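Inside the fold
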There are 2 protein chains.
Amino acid sequence: MLKLYGYFRSSAAYRIRIVLNLKGLAYEQSSIHLRRGEQFKPAYRALNPLARVPTLIDGERVLNQSLAIAEYVEERWPEPPLLPGDAAGRARVRALALIVACDIHPIQNTSVLAYIETAHGFDEPAKTRWAQHWIAGGFDAIETMLARDPTTETYCHGERPTVADAFLIPQVANARRFALDLTPYPTIVRIDAACRALAPFAAAATESQPDAA
Amino acid sequence: MLKLYGYFRSSAAYRIRIVLNLKGLAYEQSSIHLRRGEQFKPAYRALNPLARVPTLIDGERVLNQSLAIAEYVEERWPEPPLLPGDAAGRARVRALALIVACDIHPIQNTSVLAYIETAHGFDEPAKTRWAQHWIAGGFDAIETMLARDPTTETYCHGERPTVADAFLIPQVANARRFALDLTPYPTIVRIDAACRALAPFAAAATESQPDAA
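Residues numbered from 1 in each chain as written. Chains lettered and ligands numbered in written order. Predicted model: local features only at pLDDT ≥ 70, side-chain atom pairs only at ≥ 80, totals over all residues.

It is worth spelling out the sheet that holds strand β3 (residues 55-58) of chain A at this point. Residues and elements named next belong to chain A. The four strands lie next to each other as β2-β1-β3-β4, forming an open sheet whose pairing is mixed. On the outer flanks of this sheet lie β2 (27-31) and β4 (61-64), each paired with one strand and no other. Taking each pair of neighbouring strands and ignoring which way they run, the sheet shows an average axis angle of 20°. On the sheet, helix α1 (residues 11-23) packs against β1 (2-6), β2 and β3 and is oriented at approximately 155° with respect to β1. (Pairing = 2+ DSSP bridges. Helix = DSSP H or I, 4+ residues; strand = E, 2+ residues; numbered from the N terminus. Axes fitted to C-alpha atoms, helices over the stretch in contact; angles between N-to-C directions. Contact = placed C-beta atoms within 7 Å.)

Here it is, written out as structure tokens:
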């Protein structure tokens, strides 16, 4: 069986829980408690040298980085497809996912927030403002890209969830955790509600995880 | 003809210059001067709502986000391949590229450095230490992943350059710009030298660009 190393509140692990659920794949979960620093233990670092979650184990294969994992899952279990059938559509879905994966999440994640606190003395309100700033900047772009394009329908790209939705919805959860005002993002909010009504998204949510504290 | 909006010193644009050169594709370049804020002009933001480079134009198609662009180019012009032929190899190459694209570059890029200066008063030495910290953390992981795996040969994955090399070499250029000590990264340094000896990489380098100041 597939094994997913994750953490209930990691939005990168949440993406892969959604992907695996959408594919209907069974997987065992192993919790790496990021707040207690379990990601830095040598046994886990052997699986994930960057000391991040998620890591997916498929037999002998050890897979790192959420978008690489999503692409692997898509290639190995093509149904139902989580990328569009056309090259331009795939590029659009990947670009939406990458805005989350590159331009929002890494700047507001646990490691950067811990670093600005310990090395630069940011207090909790300053850390919250920092996270809000970077999420808002990325969401401004995503909202524009979604609202102007007719390929945005119930979901980010058409009438079926794609990798773009699997990456966006965990980031919306982070935005709520940092109390970001979502009023400027009506398309994101609408798609978030549509996705969260689906069982594969609901089962993947932070609060649905066995390790949720 | 393909048109690439970039900037000589943008490592994300540099990745796509390498990819297009490796594919032997001709392309017109348009410089978006990031230091002068040209990325925020409405005409460019219509092409790239996040106000970043690169953007690739292929006929009517407007493509954002460097890894999405690289995947698009790989699908549209498969030869020579820049991803391995097997799913596990593709996952490894994508994971290496994503450590650069997600976990290193966004945290040390122009927008974050400008923000920590203007909003938080970081001076030049503090900005340099910030950039060094995040590049070193990512390079520690990449060096481990490269050094321990027999699929690392002349290049990151085998005897031909892949997307992993196209992403790594621009990040090494950034590391040198921030005066990071590369002694702990002998495998990265060796692969960097091998790549930079190739014409497609040399022609893509920062200092080879017409807009290099």
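Glancing now at the relation of the copies chain A and chain B. Between chain A and chain B, which share one sequence, the superposing operator has a rotation angle of 180° and an axial displacement of 0.0 Å; the RMSD is 0.0 Å. One copy is carried onto the other by what is essentially a two-fold rotation axis. Across chain A, the rotation axis passes nearest the C-alpha of Cys102(A), at a separation of 2.1 Å. The fraction of interface residues of chain A whose copies in chain B are also interface residues reaches 100%, indicating that both copies meet through the same surface. (Least-squares fit on C-alpha atoms with pLDDT ≥ 70 in both.)

Residue and element names in this part refer to chain A. Along its sequence, chain A is carved into domain 1 (2-80) and domain 2 (87-200). If you average the C-alpha positions of domain 1 and of domain 2, the two centres end up 20 Å apart. Mapped by element, the contributors of at least two residues to the side of domain 1 that touches domain 2 are α1 and α3 (66-76). Considering each element in turn, the side of domain 1 that touches domain 2 owes the most residues, eight residues, to α1. For the side of domain 1 that touches domain 2, a count of residues per class yields nine nonpolar, three polar and one charged. (Domains from an automatic or database assignment. Nonpolar A, V, L, I, M, F, W, Y, C, P; charged D, E, K, R; others polar.)

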